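Read off the chains here:
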Amino acid sequence: FFTRFYSSFLVRRSLLEQALTYRYRSDSLNGSTDWSIQMWIHGLSGNVSETNEIFESYILQNENVESELIGSSLVYINEYALSIPYLVNYQFPRAKSHLALAYYYTGSINETELILYQLKSNSQKTTVGSPEFFIGLYYSGIHEIDSAFIWLEKAYENRSPELSWLKAYPQFESIKDDPRYWDLYERCGHKAYDDYNASKTK
């Protein structure tokens, strides 16, 4: 549990090389490899060939492997059709938003709209799992920029803990040229953390 938590912390800070180094070292010490989380970090890092290699060499060889991280990893490298079977059975907002992206980019618009309806309905009932944040991620992923910011601001108003992932998810690349992203980035404390790290290297 701790190794996954610390890997997740490093990824949230966009310290992806450190996260991979830590995973390799931890897996070596434990004598076993968590392929799904290695694949996930590679996917977030944009390492397409490494992500595909893990998927083909290890995941596909084990029929019993089920992990939302596998599906999410495939979404990050635009392998949308492959991701769907690994996401379809999960109900929490991150998996649902990634599945909506997969359906959108494979042309399954009815399924996409159903998931969005579910996420938006859930956002009116609960903040658990931060549905607002992941609706914003979805809209950012399909380049509907204004809609993305509407929902990210809702996530900010609800103090979504998922905003710590604002640096990490590749779907947010589409909004990084917008000053609203950097305003939100600063309000969430990411700039302060960047400044702190920069001060340590001087």
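Starting from 1, residues in each chain are numbered consecutively following that chain's sequence as written. Under the rules for a predicted model, residues below a pLDDT of 70 receive no local features and side-chain atom pairs below 80 are neither given nor counted, while totals for whole chains, interfaces and linings still include all residues. As a convention, hydrogens and water are excluded, and side-chain values are obtained from all of the structure's heavy atoms.

*Asks:* What should I look at first to understand the overall build of the protein chain in this one?
*Replies:* Strands here mean DSSP runs of E at least two residues long; helices mean DSSP runs of H or I at least four residues long; both are numbered from the N terminus. Each helix and strand in the protein chain was counted, giving 12 helices and zero strands. Secondary structure of the protein chain in N-to-C order comes out as α-α-α-α-α-α-α-α-α-α-α-α. Restricting the calculation to C-alpha atoms gives the radius of gyration, and the globule rule supplies 2.2 Å times the number of residues raised to the power 0.38. Relative to the compact-globule value of 17 Å for 202 residues, the protein chain shows a C-alpha radius of gyration of 17 Å, a close match. For the C-alpha atoms alone, the extent of the protein chain along its principal axes is close to 50 × 45 × 30 Å. Should any heavy atoms of two residues lie within 4.5 Å, those residues are counted as being in contact. Put simply, of all contacts in the protein chain between residues at least 6 apart along the chain, 53% involve residues at least 24 apart. When charges are counted, neither His nor the chain ends are considered; positive counts come from Lys and Arg and negative counts from Asp and Glu. By convention, charge coordinates are those of NZ in Lys, CZ in Arg, CG in Asp, or CD in Glu. Averaging the coordinates of the 18 positive side-chain charges in the protein chain and doing the same for the 25 negative ones gives two points 9 Å apart.

*Asks:* Is there a simple way to explain the environment of E157 in this structure?
*Replies:* Within the fold, E157 resides in helix α10 (residues 145–157). What makes E157 exposed here is its relative accessible area of 62%. Accessible area is worked out with a 1.4 Å probe on protein chains only. A residue is then buried under 20% of its type maximum, exposed over 50%, and partly exposed in between.

*Asks:* I'm lost on the packing of aromatic side chains in this one. Help?
*Replies:* Note on aromatic pairs: each is described by the distance of the centres and the angle between the planes. By convention, a stacked pair of Phe, Tyr or Trp rings (six-membered ring in the case of Trp) has centres within 6.5 Å and planes under 30 degrees apart, an edge-to-face pair has planes over 60 apart, and any other such pair is tilted. This model, assessed by the stated rule, comprises 19 aromatic pairs. Judged by centre distance (5.0 Å) and plane angle (90°), the ring pair of F133 and F134 falls under edge-to-face. Neither F133 nor F134 differs from the other in exposure class; each is buried. The structure contains a cluster of three or more aromatic residues connected by ring pairs, namely W40, Y76, F133, F134, W165, Y169 and F172. The residue whose ring lies beneath R187 is Y156, and the NZ or CZ to ring-centre distance is 4.6 Å. Charge-over-ring placement is defined geometrically: NZ (Lys) or CZ (Arg) within 6 Å of the ring centre, and within 35 degrees of the ring normal.

*Asks:* Quick question: what am I supposed to make of the pattern of salt bridges here?
*Replies:* Side-chain pairs of opposite charge can arise where the charged atoms are in close proximity. The salt bridge definition used is simple: a Lys or Arg side-chain nitrogen within 4 Å of an Asp or Glu carboxyl oxygen. A full pass over the atoms with the stated rule returns eight salt bridges. For D146, the salt bridge is made with R180, and the minimal N-O distance between the two is 2.9 Å. One end of the pair, D146, is in helix α10; the other, R180, is in helix α11 (residues 179–187), with 34 residues separating them in the sequence. Residue classification places R180 among the partly exposed residues on the basis of a relative accessible area of 34%. In the salt-bridge network here, residues are joined through shared partners; they are D146, D178 and R180.

*Asks:* Sorry if this is basic, but what is going on with the packing of helix α3 (residues 35–45) against helix α4 (residues 48–59) here?
*Replies:* The description of two helices packed together rests on the angle between their axes and the distance between the axes. The N-to-C vectors of α3 and α4 enclose an angle of 160°; their axes lie 8 Å apart at closest approach. Between α3 and α4, the angle is such that the two are roughly antiparallel. The two elements α3 and α4 meet at a crossing, and its hand is left-handed. Between α3, through W35, S36, Q38, M39, H42 and G43, and α4, the contact on the second element is made entirely by E50, T51, I54, F55, Y58 and I59. Charged means Asp, Glu, Lys or Arg here, nonpolar means Ala, Val, Leu, Ile, Met, Phe, Trp, Tyr, Cys or Pro, and polar covers whatever is left, Gly included. Class assignment of the residues belonging to the contact of α3 with α4 gives a composition of six nonpolar, five polar and one charged. An axis is simply a line fitted to the C-alpha atoms; with a helix, the fit covers only the stretch in contact. Between two such axes, the angle follows the N-to-C directions and lies from 0 to 180 degrees. Orientation labels follow simple angle bins: below 35 degrees gives roughly parallel, above 145 gives roughly antiparallel, 65 to 115 gives roughly perpendicular, and whatever is left gives oblique. By convention the crossing between two helices is left-handed if the near helix lies anticlockwise of the far one by an angle smaller than a right angle, and right-handed if it lies clockwise.

*Asks:* What is the right way to read the nonpolar core from this model?
*Replies:* Soluble, globular proteins show a tendency: their nonpolar side chains are buried together. In this structure, V11, W40, F133, Y139, Y169 and F172 are the most contacted members of the largest nonpolar core, which totals 47 residues. Residues grouped as a nonpolar core are buried Ala, Val, Leu, Ile, Met, Phe, Trp, Tyr and Cys residues, joined through side-chain atoms within 4.5 Å. Judged by nonpolar contacts, the second largest core, of eight residues, contains I59, I70, I77 and Y86.

*Asks:* Can you help me understand helix α6 (residues 80–87) in this one?
*Replies:* Spacing of three or four residues puts side chains on the same side of an α-helix, whose turn is 3.6 residues. Taken together, the buried positions of α6 are occupied by Y80, S83, I84, Y86 and L87. Turning to α6, the residues buried within the fold contact α4, α5 (68–76) and α7 (93–105).

*Asks:* Can you walk me through helix α9 (residues 131–141) in this structure?
*Replies:* With 11 of 11 residues buried, α9 is to be regarded as a mostly interior element. Residues P131, E132, F133, F134, I135, G136, L137, Y138, Y139, S140 and G141 constitute the buried set of α9. Those residues of α9 hidden inside the fold are in contact with α7, α8 (109–123) and α10. Note on α9: the residue one or two positions beyond its end, H143, has a positive phi of about 65°.

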